[in-house]
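Chains, contacts and geometry: an overview
Now for the letters of each chain:
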Amino acid sequence: MAEETIFRKIIDKEIPSETLYQDQYVTAFRDISPQAPVHILIIPNKLIPTANDIQVEDEVLVGKLYTVAKQLAKEEGIAESGYRLIMNCNSDGGQEVYHIHLHLLGGKKLGKLVS
Ligand code: DGP
C-alpha cells in the first residue's frame, strides 16, 4: 500500500497552500519553491505515487490534469507566450514527492529541458 505524502495534507487543507483550483478529482496549487515566475502543481486527489503507477482506469483523471493546467495557464496569462508541463518519475527523473503532479512552468523563456 502506497504511503500518503505532504500533498494529502494540502488536498485536505491541513497545511496551507495557495490553492488555485480544486474539485472532487484534482487540486492545483503554487509550488513552494518556484522555478519560474509561474510554477503550479496540478495533482489528482487520489494517490498515484509515480507515472509508473498510472493505470488504464486513470486515463480520464490524468487527462484532467492537462485540462486544468491549460485553464490555469490561460488565467495566469501565459497561454499564448507558452509554458511547459512536466511530470518527473522516480529518482533519475528528479521526483521528490511520490504523489504524481504536473508542473506548470512559465512566465519567462525556459531553458533546455535536460541539464
Ligand atoms: P518533484 O521534484 O517533481 O517531485 O516536485 C515536487 C515539488 O513539490 C517541488 O517543486 C516542491 C514542491 N513542494 C514540496 N513540498 C511542498 C509543499 O509543502 N507545498 C508546496 N506548495 N509545494 C511543495
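Attention in this report is confined to the structure presented alongside it. (Residues numbered from 1 in each chain as written. Predicted model: local features only at pLDDT ≥ 70, side-chain atom pairs only at ≥ 80, totals over all residues. Heavy atoms only, no water.)

1. Some details on the sheet that holds strand β3 (residues 38-44)
We count it as follows: Here, any two strands with at least 2 DSSP bridges between them count as paired. Secondary structure follows DSSP: runs of H or I at least 4 residues long count as helices, runs of E at least 2 residues long count as strands, and numbering of each begins at the N terminus. Axis definition: a line fit to C-alpha positions, over the contact stretch in the case of helices; interaxial angles, taken between N-to-C directions, run 0 to 180 degrees.
In spatial order, the strands read β1-β2-β3-β5-β4; together these 5 strands make up an open sheet with antiparallel pairing. Bordering the open sheet on either side are β1 (19-22) and β4 (83-86), each of which pairs with just one other strand. Averaged over all neighbouring strand pairs, the angle between strand axes comes to 15°, with direction disregarded. Relative to strand β5 (residues 102-106), β3 runs antiparallel, the two sharing 5 bridges. Counted as the bridge partner of His39 is Leu105 from β5.

2. Thoughts on the site of the ligand
Formally: Here, proximity means that at least one heavy atom of the residue falls within 4 Å of the molecule or strand. Pairs of N or O atoms are called polar contacts if they sit within 3.5 Å, as long as, within protein, a hydrogen donor faces a hydrogen acceptor (for residues adjacent in sequence, only side-chain-to-side-chain pairs). All accessible-area figures derive from a Shrake-Rupley calculation using a 1.4 Å probe, and residue coverage is judged against the displayed protein chains alone. Within this scheme a cavity is a closed region of a 1 Å grid, computed over the protein atoms alone, that accommodates a 1.4 Å probe without allowing it to escape, whereas a pocket is open but has protein on both sides within 12 Å along at least five of seven lines; lining residues each have an atom within 4 Å of a point. Just a note on the criterion: a molecule sits in a pocket or cavity if more than half of its atoms are within 2 Å of the grid points. Each residue receives one of three labels: charged for Asp, Glu, Lys and Arg, nonpolar for Ala, Val, Leu, Ile, Met, Phe, Trp, Tyr, Cys and Pro, and polar for the others, Gly being one of them.
As a structural note, the neighbourhood of the ligand is formed by 15 residues, with Asp31, Gly94, Glu96, His101 and His103 the closest of them. Note that an oxygen atom of the ligand is positioned 2.8 Å from one of the backbone N or O atoms of Gly94. With respect to the ligand, the side chain of His103 contributes an N or O atom lying 2.8 Å from an oxygen atom. Look at the ligand: alone it shows 500 Å² of surface, and the protein chains cover 85% of it. A molecule is said to occupy a pocket when more than half its atoms come within 2 Å of that pocket's grid points, and by this definition the ligand occupies the largest pocket. Those elements giving two or more residues to the shell around the ligand turn out to be α1 (6-11) and β2 (26-30). Here the shell around the ligand takes 3 residues from α1, the largest share from any one element. Here the residues of the shell around the ligand sort into 7 nonpolar, 5 polar and 3 charged.

3. Some remarks on the layout of surface pockets
Stated precisely, the cut-off is as follows: Grid points are joined across faces, edges and corners, and a volume is the space filled by probe spheres set on the points.
For the largest pocket, the calculated volume is near 830 Å³. Taken together, 33 residues line the largest pocket, and the ones lying closest to its centre are Gln35, His39, Asn88, Gly94 and His103. If you list the elements that add at least two residues to the lining of the largest pocket, you get α1, β2, β3, β4, α3 (90-93) and β5. Among the elements that make up the lining of the largest pocket, the one with the highest residue count is α1 (3 residues). Across the lining of the largest pocket, the residue classes tally to 14 nonpolar, 12 polar and 7 charged.

4. Quick look at the nonpolar core
Inclusion rule: Nonpolar core, defined: a set of buried Ala, Val, Leu, Ile, Met, Phe, Trp, Tyr and Cys residues in which side-chain atoms within 4.5 Å join the residues together. Between buried and exposed lies partly exposed: a residue is buried under 20% and exposed over 50% of the maximum accessible area for its type, with that area taken using a 1.4 Å probe on protein chains only. For this analysis, residues touch if any pair of their heavy atoms sits within 4.5 Å.
Grouped together as the largest cluster of nonpolar side chains are 17 residues, with contacts concentrated most on Ile40, Ile42, Leu72 and Leu104. At the level of secondary structure, the elements contributing two or more residues to this core comprise β2, β3, α2 (59-75) and β5. Setting aside residues up to four positions removed in sequence, Ile40 forms contacts with Leu20, Ala28, Phe29, Arg30, Asp31, Leu72, Glu76, Leu102, His103 and Leu104. Core analysis: the second largest hydrophobic core is formed by 7 residues, Phe7, Ile10, Ile43 and Val97 among them.

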